Amino acid sequence: MKTKMKLLLLLPFFALLMFTSCQDEVLDITPIDETQTLVAESQLTSLISATSKNDGSKDNIIDGTTCISVKLPVIVKVRGIEIRIDSEADYIKIKRLYDEFEDDIDRLDIIFPITIITGNHEEITIENAEQLSEIIAACNDDDDEDEEEREIRCIDFQFPIAFSVYNRDFSVIDVVNIENRRQLYLFMKRVKNSEVIASLNFPVTMVLKNGTTLTAENNEQLRRIIEAAKDNCEVEDFSKERLENYLKKCPWVVYEFKRDNQDNTSEFEQYAINFKEDGVVIMRSRNGDMLTGTWGLRPTRRGVLLKMEFDNLADFTLEWLLYDYEDGKIKVYEEGGNKIVLKRNCEVVVNITKERVENFLKECLWRVVELDIEGVDDVEDNYIGTPLKFFENNVVKIRVNGELIEGTYQVLVRNAGIGLEITLDGRPELKLQWVINFLGENKIELKNENNEMVLRRHCPDNDGDLNYILDVLVSSSWEVSLYKDDGIDETQDYFMYTLDFIETGRVKVTDPNNGIFGGSWLAFRNDGYLKLALNFGTQIPFDEFNDRWKIVSITPNRIELLDISGSDGTEDILVLEKKS
């Protein structure tokens, strides 16, 4: 981000020559392609330039702003303790002191003079805190910068990289080697000023914030990689404008709460906060009560302050310092032992009403993915491959062995919130007085005293992969060609058995003596993986297959399934092949 200070720096031409290398060296040069040259006004040129700007976010724990960084080494004082910071790895020293005294605000003082580095890699000597505050205020107040010119911090080039430089006839006249962001920024400045005609020598490797590397083979691939990374960058920028947009994008759920040195997490956990336009904030408690208040952000020397005010919720009414962040999580606190940890959840529905829940339930099938009942073991296993379907007039049906078993359900308004009761013969655990404490686009979480249940929505009709799995399974008869239980081959136990998958969700098993029994199956998608749920109840030996299997591969003739135990990491492998 640009500051508003006008600095006159002379950059002699010979300084730019430091970036060039002799043509006598052996270099990889991209073949000449006029379409791959960088144009001064192109989007890719702007993206590369923005990526090359100085990353001021890494030392936010020192200066509280992303638009500058403090040149190391620097000496700071935290709670009266002087710390010398020689490298980025030393920032952890400050954080450890903060964590050690989490119940209080930790004051950090910088020992002046210091040198700061702007987004444009300019170095400025700062003599005192007042001068630093002026520059930070100018940074945070500068909203005039073009969006394409704002620095992109969550992706970087893997240096060194090289550019081929051409004359007007598109003959290579030089190759410029680039070793770091500063050199790249100054070279791209020449490109933007139409001082050179150049193209990037591919391939190049890009490094994301989490260490993931991506390779680009041409300009278009590079543009797409940087654009995709830029879309996920907002959390890295602590500026007021971007933070406002980031907070408003999705609701936030309270994960941890302390007030006046008292841990009140159990009271406020799962409260949902929705930051809206025009300074309006809506809070939803676990029992469904809705509170409306105001909110705003204010950049200061300490960092960005988040102010929330509610007439009937004094515990949240405070101006909080936003002091730490990571992807999907924000931490705020203030003096006196006040702290909130918020987690972003774009699926949560803040305004839970009886009508909304009823409409939600009737949209698709629902899978019981978690069911923990105090004093009852493995009750969740009874629901593998057996989805629920909610209908009009309070009718609910569960699909077991391909048959629909009918029951009733009710969405109730209780003092504790919106409740759900399901009545099905032989399944008393569903009739408990469940209360909805989370309603998301694809998930419903319910609680009852010490019991928990999670439902996930299952909408297979518009999923091409699930439809393909259905077509493959029902089109043939199958046999077990391999079954390994924790590395032990038990395939012989299933010799001469035949499996037929029926579209209704029933799987028919024919034993070697032509006896027939049935089970349930369901193909579904979970956390990006395609899975096949099988449930044969207590039928030996097929009860070994009762699980939600990951589909490793599937063809019209072969299906390979894998299950990894969450407790000890053991692997089970099941392979089905088309029966000839």
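So, a few notes on the structure that sits alongside this text. Residue indices follow the written sequence of each chain, beginning from 1 at its first position. Only residues with pLDDT of 70 or above have their local features reported here, since the model is predicted, and side-chain atom pairs are shown and tallied only from 80 upward, although totals for entire chains, interfaces and linings are computed over all residues. With hydrogens and water set aside, each side-chain value is computed from the structure's full complement of heavy atoms.

## Some words on the overall build of the protein chain
A run of DSSP states H or I qualifies as a helix once it reaches four residues; a run of E qualifies as a strand once it reaches two. Both are numbered from the N-terminal end. Across its full length, the protein chain carries 11 helices and 39 strands. The buried label applies to any residue whose accessible area, calculated with a 1.4 Å probe on protein chains only, is under 20% of its type's maximum; exposed applies above 50%, and partly exposed to all values in between. Taking all 580 residues of the protein chain together, 49% fall into the buried category. The contact criterion used throughout is that any non-hydrogen atoms of two residues lie within 4.5 Å. A separation threshold of at least 6 residues defines the contact pool for the protein chain, and within that pool the share at least 24 residues apart is 53%. Per-residue accessibility takes into account occlusion by the displayed protein chains alone, with areas from the Shrake-Rupley method and a 1.4 Å probe. Of the roughly 28,500 Å² of accessible surface on the protein chain, 45% is carried by carbon and sulfur atoms.

## Concerning the pairing of strand β6 (residues 114–118)
Among the five residues of β6, four are classified as buried, and the element is accordingly described as predominantly covered. Sheet analysis places strand β2 (residues 68–70) next to β6, joined by three bridges and oriented antiparallel. Paired with S69 across the strands is I117, a residue of β6. Strand pairing requires that DSSP identify at least two bridges connecting the strands. The hairpin formed by β6 and strand β7 (residues 123–126) contains four residues between the paired strands, and H121 there has a positive phi angle of roughly 70°.

## With respect to helix α10 (residues 354–361)
Of all the positions in α10, only V357, E358, F360 and L361 are classed as buried. Mapping the buried residues of α10 onto a view down its axis gives an arc of 165°, with all of them on the same face. Taken from the helix axis, the directions to the C-beta atoms give the arc we talk about.

## Focus: the side chain of R153
You can see R153 is positioned in the loop between α5 (129–141) and β8 (155–157). Polar contacts, as used here, are pairs of N or O atoms within 3.5 Å; protein pairs need one atom able to donate a hydrogen and one able to accept it. Residues neighboring in sequence count only if both atoms are side-chain atoms. In this structure the side chain of R153 is engaged in a polar contact, spanning 3.5 Å, whose partner is the side chain of D55.

## Quick notes on helix α8 (residues 240–249)
Turning to α8, its buried residues number three or more, namely R242, L243, Y246 and L247. Projected down its long axis, α8 carries its buried residues within an arc of 135°, all on one side.

## Focus: the nonpolar core
Residues belong to a common nonpolar core when they are buried Ala, Val, Leu, Ile, Met, Phe, Trp, Tyr or Cys residues joined through side-chain atoms within 4.5 Å. By size, the foremost hydrophobic cluster in this structure holds 30 residues, and its most contacted members are L361, I422 and I444. Beyond its immediate sequence surroundings of up to four residues, I444 is in contact with F360, L361, W366, I436, F438, L439, M453, V454 and L455. Core analysis: the second largest hydrophobic core is formed by 29 residues, L184, F187, V196 and M206 among them.

## Points about the packing of aromatic side chains
Classification of ring pairs uses Phe, Tyr and Trp, with its six-membered ring standing for Trp, and accepts pairs whose centres are within 6.5 Å; under 30 degrees between planes counts as stacked, over 60 as edge-to-face, and the remaining range as tilted. In the structure shown here, the tally under the stated rule is 21 aromatic pairs. Aromatic pair Y494 and F545: ring centres 4.7 Å apart, planes at 25°, arrangement stacked. Here F545 lies in the loop between β36 (529–535) and β37 (547–554) and Y494 lies in the loop between β32 (488–489) and β33 (498–501), a separation of 51 residues in the sequence. Summarising the aromatic geometry, the rings of F517 and F542 are spaced 5.7 Å apart at their centres and angled 65° between planes, so their arrangement reads as edge-to-face. Linking F517 in strand β35 (residues 516–526) with F542 in the loop between β36 and β37, this pair joins segments that are 25 residues apart in sequence.

## Concerning the sheet that holds strand β25 (residues 395–400)
Whether parallel or antiparallel, the strands of a sheet pair through hydrogen bonds between backbone atoms. With antiparallel pairing, the eight strands of this closed barrel are ordered in space as β23-β24-β25-β26-β27-β28-β29-β30. Adjacent strand axes in the sheet meet at a mean angle of 35°, parallel and antiparallel pairs treated alike. Summarising the sheet, strand β24 (residues 388–390) and β25 pair through three bridges and their orientation is antiparallel. Residue K389 lies in a different strand from β25, and its bridge partner there is K397. Simply put, an axis is a line fit to the C-alpha atoms, just over the touching stretch for a helix, and the angle between two N-to-C directions goes from 0 to 180 degrees. Lying on the sheet, α10 is in contact with β23 (365–372), β24, β26 (403–414), β27 (417–423), β28 (434–439), β29 (443–448) and β30 (451–458); it crosses β26 at an angle near 165°.

## Observations concerning the state of the cysteines
Among covalent bonds in proteins, the disulfide is the one between the sulfur atoms of two cysteines. Only a pair of cysteine sulfur atoms within 2.5 Å qualifies as a disulfide here. What the rule picks out here adds up to two disulfides. Two residues share a disulfide in this structure: C250 and C346, whose sulfurs sit 1.8 Å from each other. Where C250 bonds to C346 through sulfur, the torsion about that S-S bond is close to 85°, and the disulfide is right-handed. Residue C250 is located in the loop between α8 and β14 (252–259), and its partner C346 is located in the loop between β22 (338–344) and α10; the two are separated by 96 residues in the primary sequence. Residue classification places C346 among the partly exposed positions, given a relative accessible area of 47%. Disulfide pairing places C364 opposite C459 at an S-S distance of 1.8 Å. Where C364 bonds to C459 through sulfur, the torsion about that S-S bond is close to 110°, and the disulfide is right-handed. Of this pair, C364 sits in the loop between α10 and β23 while C459 sits in the loop between β30 and α11 (464–474), and the two are 95 residues apart along the sequence. Judged by relative accessible area, which is 13%, C364 ranks as buried.

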